Amino acid sequence: MSESASSIGAEPRSKSADSVSSPFPDVFPDTSPITGPAIDLYEDGYNDPVYQAKARILNHAIQDIGMGRYQWYLFVVTGFGWFADSVWPLLSGLILTPVVNEFHFNGPFLSLASNLGLLVGAVFWGLGCDIWGRRWSFNVTLFIAGIFGLASGGAPSFVALASLIAMVGVGVGGNMPVDSAVFLDFVPGSHQYLLTILSIWWCLGQLLSSLVAWPLIANYSCASASDCTKSNNMGWRYLLLILGGITLFLWAIRFFIFTLLESPRFLSGIGRDADAVEIIHKLAKFNGKTSTLTVEELEAPGRTMTGSGASSGVRYKILSKSSTYGTGHIKALFATPKMAWSTSLLIAIWGVIGLASTLYNNFLPYLWVFKQDI
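Because the structure is predicted, anything quoted here is derived from the model rather than measured.

So, how was this worked out
Residues numbered from 1 in each chain as written. Predicted model: local features only at pLDDT ≥ 70, side-chain atom pairs only at ≥ 80, totals over all residues. Heavy atoms only, no water. Helix = DSSP H or I, 4+ residues; strand = E, 2+ residues; numbered from the N terminus. Buried < 20%, exposed > 50% of the residue type's maximum accessible area, 1.4 Å probe, protein only. Contact = heavy atoms within 4.5 Å. Disulfide = S-S within 2.5 Å. Patch = residues over 30% accessible without salt bridge, like charges linked within 9 Å, V, L, I, M, F, W, Y side chains within 5 Å. Areas by Shrake-Rupley, 256 points an atom, 1.4 Å probe, with all protein chains shown as cover. Salt bridge = Lys/Arg side-chain N within 4 Å of Asp/Glu carboxyl O. Polar contact = N/O pair within 3.5 Å; in protein donor to acceptor, adjacent residues only side chain to side chain.

A.B. asks: Any details on the overall build of the protein? Residues and values, ideally.
C.D. replies: A tally of helices and strands in the protein yields 17 helices and zero strands. A buried classification covers 53% of the 374 residues belonging to the protein. Restricting to contacts in the protein with at least 6 residues of sequence separation, those with at least 24 account for 79%.

What follows is the structure, given as structure tokens:
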């Protein structure tokens, strides 16, 4: 997961912490009424202090606008990503028995294909949203999952099914890193705790996929591997077609009904301060508010830190310097000792969660198939 742009200065801070480390002590997000003042992961310095200061200015502007209609709509459409990330990894376990009966292959290979796709998707889209922006990644990931999910319902062989499921994983793997970055980019610091509540969509995904699979797998599947053909084993195909259609429907809501604004932090990170300010004003207008942020205000850190005449010819680009992947996107997550510890702990925690989830969703169904064979 790459959220180097969205996370800088995103945590709510106390004024005392800002007054010590920031050259702009009056620019800080309000403290959350629930979590209180947070520890500043950047108080011991950052590799781009100009961008750090600009991020704090944007955070303050978003906090002034407050939690409004746009953020609540965003809570719903980003939840679609959590939903897909719950449904599709679970599918390889739900369809394992009937698929093995029909195609006669070693069961764990289907889970392996799914997880390889998830790995590629997480790396590609997680870093990609820091290179070409949030909007494309936000919309394309769900579309890929829906299209290949539908196509997998018509797979004529195990190789075709595994390949299509892997492509579903490429789309699904980007949902949580991209969607969480998008959500944090627009939610004021006082309400960023809502990111954890997005997990309710995960639960809904598990519930819906299980309820749909129950009658289909039970009533339209081969009883055993002997004489198991496509015509008498359509349950898993129906399941994939239905969930693929649901995923495409959720993508259509994102793409045609909800208009995602580009991240102001991303725009500022590639030197487009004027566009970042315009996004802040659009956000305020959508919420029925007004914002006093100006381009001059956002450009002030560059003038202060580099000299009064430097800003006219310099574009600060912590992101997308060459629109290519590079180690800089990862190094930003380890910029300070405190950041390095935080990033390492998050990786470890997500690794353990991923291990437990994979074992539960895939290893237990495989044990059941193995028992059937015995």
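Still to come is the rest of the account.
A.B. asks: Go over unusual backbone geometry, please, and point to the residues and values.
C.D. replies: Positive phi, close to 55°, is recorded for His-104, a residue that is not glycine. You can see His-104 is positioned in the loop between α5 (96–103) and α6 (108–128). Its relative accessible area of 53% is what places His-104 among the exposed residues.

A.B. asks: Outline the state of the cysteines, supporting the account with residue identities and numerical values.
C.D. replies: In the structure shown here, the tally under the stated rule is one disulfide. The disulfide bridge from Cys-222 ends at Cys-228, spanning 2.1 Å between sulfur atoms. Torsion about the S-S bond of the Cys-222 and Cys-228 cystine: about 90°, corresponding to right-handed handedness. You can call Cys-222 buried: its relative accessible area is 13%.

A.B. asks: Would you mind going over a nonpolar patch on the surface in detail, with residue names and values included?
C.D. replies: Taken together, the side chains of Ile-197, Ile-200, Leu-204, Leu-207, Leu-211 and Trp-214 present a nonpolar region at the surface, about 620 Å² in accessible area. The greatest single-element share of the nonpolar patch, amounting to five residues, is contributed by helix α11 (residues 199–219). With respect to the helices and strands, Leu-204 occurs in helix α11. We classify Leu-204 as partly exposed; its relative accessible area is 41%.

A.B. asks: A description of the environment of Ser-92 should follow, citing residues and the corresponding values.
C.D. replies: Secondary-structure assignment places Ser-92 in helix α4 (residues 69–94). Judged by relative accessible area, Ser-92 falls into the buried class, the value being 3%. The sequence separation of Ser-92 and Ser-114 amounts to 22 residues, and the corresponding C-alpha distance is 7.3 Å. At 3.2 Å, the side chain of Ser-92 forms a polar contact with the backbone oxygen of Pro-89.

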